[in-house]
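Here is what each chain is made of, one letter per residue.
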Amino acid sequence: AQRVTQPEKLLSVFKGAPVELKCNYSYSGSPELFWYVQYSRQRLQLLLRHISRESIKGFTADLNKGETSFHLKKPFAQEEDSAMYYCALRSGGSYIPTFGRGTSLIVHP
Amino acid sequence: ETGVTQSPTHLIKTRGQQVTLRCSSQSGHNTVSWYQQALGQGPQFIFQYYREEENGRGNFPPRFSGLQFPNYSSELNVNALELDDSALYLCASSSGDRVGAEAFFGQGTRLTVV
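Definitions and limits used
Residues numbered from 1 in each chain as written. Chains lettered and ligands numbered in written order. Predicted model: local features only at pLDDT ≥ 70, side-chain atom pairs only at ≥ 80, totals over all residues. Heavy atoms only, no water. Phe/Tyr/Trp six-rings, centres within 6.5 Å; stacked < 30°, edge-to-face > 60°. Helix = DSSP H or I, 4+ residues; strand = E, 2+ residues; numbered from the N terminus. Pairing = 2+ DSSP bridges. Salt bridge = Lys/Arg side-chain N within 4 Å of Asp/Glu carboxyl O. Buried < 20%, exposed > 50% of the residue type's maximum accessible area, 1.4 Å probe, protein only. Axes fitted to C-alpha atoms, helices over the stretch in contact; angles between N-to-C directions. Disulfide = S-S within 2.5 Å.

Is there a simple way to think about the packing of aromatic side chains in this case?
Think of a pair of aromatic rings as described by two things: how far the centres are apart, and how the planes are tilted against each other in angle. Here the structure, examined in full by the defined rule, presents nine aromatic pairs over all chains. Between phenylalanine 34 of chain A and tyrosine 36 of chain A the ring centres are 6.2 Å apart and the planes differ by 40°, which places this aromatic pair in the tilted class. Taking 5.3 Å as the distance between ring centres and 45° as the angle between the ring planes, the aromatic pair formed by tyrosine 36 of chain A and phenylalanine 99 of chain A counts as tilted. You can see tyrosine 36 of chain A sitting in strand E5 (residues 31-38) and its partner phenylalanine 99 of chain A sitting in strand E10 (residues 97-99), a full 63 residues away along the chain. Site record: aromatic cluster; members linked through ring pairs are Phe34, Tyr36 and Phe99 of chain A together with Tyr35, Phe45 and Phe105 of chain B.

Honestly, the sheet that holds strand E7 (residues 60-61) of chain A in this entry has me stumped. Any pointers?
Pairing between the strands of a sheet comes from backbone hydrogen bonds, and it takes one of two forms, parallel or antiparallel. Residues and elements named next belong to chain A. In space, the three strands of this open sheet follow the order E3-E8-E7, with antiparallel pairing throughout. Strand pairing shows two members of the sheet lacking a second neighbour, strand E3 (19-21) and E7, which therefore form its edges. Bridge analysis of E7 against strand E8 (residues 72-74) gives two bridges, and the strand direction is antiparallel. Its bridge partner lying in E8, threonine 60 is registered against lysine 73.

What should I look at first to understand the pattern of salt bridges in this one?
One side chain can pair with another of opposite charge once the charged atoms of both are near each other. All names here are of chain A. Summed over the entire model, instances satisfying the criterion amount to nine salt bridges over all chains. Across the pair glutamate 32 and arginine 90 runs a salt bridge, and its minimum N-O distance is 3.1 Å. Placement of glutamate 32 in strand E5 and of arginine 90 in strand E9 (residues 83-91) is noted, with a sequence separation of 58 residues between them. For the pair formed by glutamate 32 and arginine 90, the shared burial category is buried. Beyond isolated ion pairs, a larger network of salt bridges with shared partners links Glu20, Lys22 and Lys73.

Help me understand the sheet that holds strand E1 (residues 5-7) of chain B, please; the structure alone is not making it clear to me.
Residue and element names in this part refer to chain B. Here four strands make up an open sheet; going across it, the order is E1-E3-E8-E7 and the pairing antiparallel. Sheet topology places E1 and strand E7 (64-68) at the edges, where each strand pairs with a single neighbour. Across the sheet, the mean angle separating the axes of adjacent strands is 20° when strand polarity is ignored. Alignment of E7 against strand E8 (residues 74-78), held across five bridges, turns out to be antiparallel. The residue bridging phenylalanine 64 from the neighbouring strand is valine 78, located in E8.

Can you help me understand the state of the cysteines in this one?
Each disulfide is one covalent bond, formed between the sulfur atoms of two cysteines. The final tally for this structure, using the stated rule, is two disulfides over all chains. Paired by a disulfide, cysteine 23 of chain A and cysteine 87 of chain A hold their sulfur atoms 2.0 Å apart. Its torsion about the S-S bond being -65°, the disulfide of cysteine 23 of chain A and cysteine 87 of chain A is classed as left-handed. Here cysteine 23 of chain A, found in the loop between E3 and strand E4 (24-26), pairs with cysteine 87 of chain A, found in strand E9; they are 64 residues apart in sequence, far enough to count as distant. Here cysteine 23 of chain A and cysteine 87 of chain A have matching classes, each one buried. Between the sulfur atoms of cysteine 23 of chain B and its disulfide partner cysteine 91 of chain B the distance amounts to 1.7 Å. The S-S bond linking cysteine 23 of chain B to cysteine 91 of chain B shows a torsion near -55°; that makes this disulfide left-handed.

Here you go:
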């Protein structure tokens, strides 16, 4: 069975500090990994996916198959980054995604 | 281009009743998926429809059923409501069921079962 673990329910940092939101997964095959974000009073939206290897709003995430992790990182947090972040996994060839429980990021001024 | 819209936004039902939630897909999208999000949890996949056929289902009992219409709008039906069905129900649409297709989410329907 596939599982996504986000160990931190809440992450609180000051503006300008580095941010790392942790995501670990369990799946034996080739997974697709995603990060979704939900800003206050907005709908859930895709932030980035590992197959694109892109940087969005300064965030990056690298898939580490050895450690089964897909941590989301940003070198300098901004107040507008405050939101709920969800890591999600979809197994290759399947259309059933599994979401983590989410991490609330609060960036203080 | 229009986004994903869900109706109603809020709903209160009594245990044992039936409920129908609706979702209008984003223009040009032929795939819709439904999620249940309990308080403090991430979205949990219920099922997905691609061109009016169910092509994926999560770990939900048969009393959760769905439909997708020719215009790709969709319904989620829940029979014999239980208190634990109280949650935010999310609908997401995407273009095709290909790997990596981005899903666009609606704002959700908050269902409360009393």
